[in-house]
Amino acid sequence: MPWGTLLRSPNMWAIMCAYFTYVYCLYIFLTWLPSYLVDARGFTLLKVGFLASLPLFAMVIGDTVGGLATDWLLKKTGNAKLARRAVAIVGMLGCVVFIVPAALAEDAYTAVYCLTGAGFFLECTIGPSWAVPMDTGGKYAGPCPG
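Here goes a summary of the coordinates provided. Keep in mind that what you see is a predicted model, and the values were worked out from it rather than measured. (Residues numbered from 1 in each chain as written. Predicted model: local features only at pLDDT ≥ 70, side-chain atom pairs only at ≥ 80, totals over all residues. Heavy atoms only, no water.)

Here's the deal with the packing of aromatic side chains
Move 1: For the structure shown, the criterion picks out 6 aromatic pairs.
Move 2: When the centroid spacing of 6.2 Å and the interplanar angle of 25 degrees are considered together, the rings of Phe20 and Tyr24 count as stacked. With Phe20 and Tyr24 both in helix 2 (residues 10–39), this residue pair falls 4 residues apart, about one helical turn.
Move 3: Given a relative accessible area of 58%, Phe20 falls into the exposed group.
Move 4: Pairing Phe43 with Tyr109 gives two aromatic rings, centres 5.0 Å apart and planes at 80 degrees, and the pair type is edge-to-face. Of the two residues, Phe43 is situated in the loop between helix 2 and helix 3 (45–51) and Tyr109 in helix 6 (residues 108–124); the sequence distance between them amounts to 66 residues. (Phe/Tyr/Trp six-rings, centres within 6.5 Å; stacked < 30°, edge-to-face > 60°. Helix = DSSP H or I, 4+ residues; strand = E, 2+ residues; numbered from the N terminus. Buried < 20%, exposed > 50% of the residue type's maximum accessible area, 1.4 Å probe, protein only.)

Written out as C-alpha cells, the structure is:
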C-alpha cells in the first residue's frame, strides 16, 4: 500500500473532507433528531417515534437514488469523475437547501419535512462516496493493512 502517495493525493484529501461532512451530518440525524423534536419543537414522545423515522426512511431512498444516479451518469457519459462529483455535489447542495429552512422554520411540521428532504439529499452522496475510493485506489482499494 503506497501510503505516502495516498496521503499526498489531493483527491484523497477531498474524499476525506467529503466523508467527514457526510458523517458529521449523519451523526446529527442519528443522535440528536429525537431529542430536538421533543425539546425544541414540542412534539410528544409518541409523535417523535413516527416523525423521527421520516428522515431515516428518506435516507434509505436517497441511498438508492444516489447510487443509481451515479451509475446512470457513468454509463451515459463514460466519465467517472463527472458522474461521482455531480451526484455528490447535488446531494450536498440539496441537503443545505433543506437543512437551512428546517432550522429557520417556525412550524414544527415544516421543520420535519425539511429535515426529511435534507436526509434524502445527504444520503444521495453515499453511493458516489463509496465509489470514488474504489475509482481512486484502483488495485489498492480495500486491502487490509499488514
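From this point, the narrative continues.
Quick notes on a nonpolar patch on the surface
Move 1: On the surface, a cluster of nonpolar side chains totalling about 440 Å² of accessible area is made up of Trp3, Leu7, Trp13 and Met16.
Move 2: Going through the elements one at a time, helix 1 (3–7) and helix 2 are the ones with two or more residues in the nonpolar patch. (Patch = residues over 30% accessible without salt bridge, like charges linked within 9 Å, V, L, I, M, F, W, Y side chains within 5 Å. Areas by Shrake-Rupley, 256 points an atom, 1.4 Å probe, with all protein chains shown as cover. Salt bridge = Lys/Arg side-chain N within 4 Å of Asp/Glu carboxyl O.)

A closer look at the packing of helix 2 against helix 5 (residues 80–104)
Move 1: For the pair helix 2 and helix 5, the least separation of the axes is 13 Å and the interaxial angle reads 35 degrees. Judged by the sense of rotation from one axis to the other, the crossing of helix 2 with helix 5 is left-handed. Here Asn11, Ala18, Thr21, Tyr22, Phe29 and Tyr36 of helix 2 lie close against helix 5, whose contacting residues are Arg85, Met92, Ile99 and Ala102.
Move 2: Its residues assigned to classes, the contact of helix 2 with helix 5 comprises 7 nonpolar, 2 polar and 1 charged. (Axes fitted to C-alpha atoms, helices over the stretch in contact; angles between N-to-C directions. Left-handed = near helix turned anticlockwise from the far one by under 90°. Contact = heavy atoms within 4.5 Å. Nonpolar A, V, L, I, M, F, W, Y, C, P; charged D, E, K, R; others polar.)

Looking at the side chain of Glu123
Move 1: On the secondary structure map, Glu123 appears in helix 6.
Move 2: Here Glu123 occupies a buried position and makes no salt bridge, while the nearest side chain of opposite charge, Arg84, is found at 16 Å.
Move 3: In contact with Glu123, not counting residues within four places along its chain, are Tyr22, Leu26, Met59, Gly62 and Asp63. (Lys, Arg positive; Asp, Glu negative; His and termini not counted.)

So, helix 4 (residues 53–77)
Move 1: With 25 residues, helix 4 extends 36 Å between its outermost C-alpha atoms, agreeing within 8% with the 36 Å of an ideal straight helix rising 1.5 Å per residue.
Move 2: Among the residues of helix 4, those classed as buried are Pro55, Ala58, Met59, Gly62, Gly66, Gly67, Thr70 and Leu73.
Move 3: Each element contacted by the buried residues of helix 4 is listed here: helix 2, helix 3, helix 5, helix 6 and helix 7 (126–137).
Move 4: Phi for Gly78, located one or two positions after helix 4, is positive at around 75 degrees. (Expected span 1.5 Å × (residues − 1).)

Regarding the environment of Leu115
Move 1: As for its position among the elements, Leu115 is in helix 6.
Move 2: Among the residues examined, Leu115 registers a relative accessible area of 5% and is labelled buried.
Move 3: Apart from residues no more than four positions distant in its own chain, Leu115 is found in contact with Phe29, Leu33, Tyr36, Pro55, Ile99 and Ala102.

Some remarks on the nonpolar core
Move 1: In terms of nonpolar packing, the biggest core is built from 21 residues, with Phe29, Leu33, Leu37, Phe43, Leu115 and Leu122 touching the most fellow members.
Move 2: Mapped onto this core, the elements with two or more residues apiece are helix 2, helix 3, helix 5 and helix 6.
Move 3: With 7 residues, the top contributor of residues to this core is helix 2.
Move 4: Setting aside its immediate chain neighbours within four residues, Leu33 contacts Ile28, Ala52, Pro55 and Leu115. (Core = buried A, V, L, I, M, F, W, Y, C linked by side-chain atoms within 4.5 Å.)

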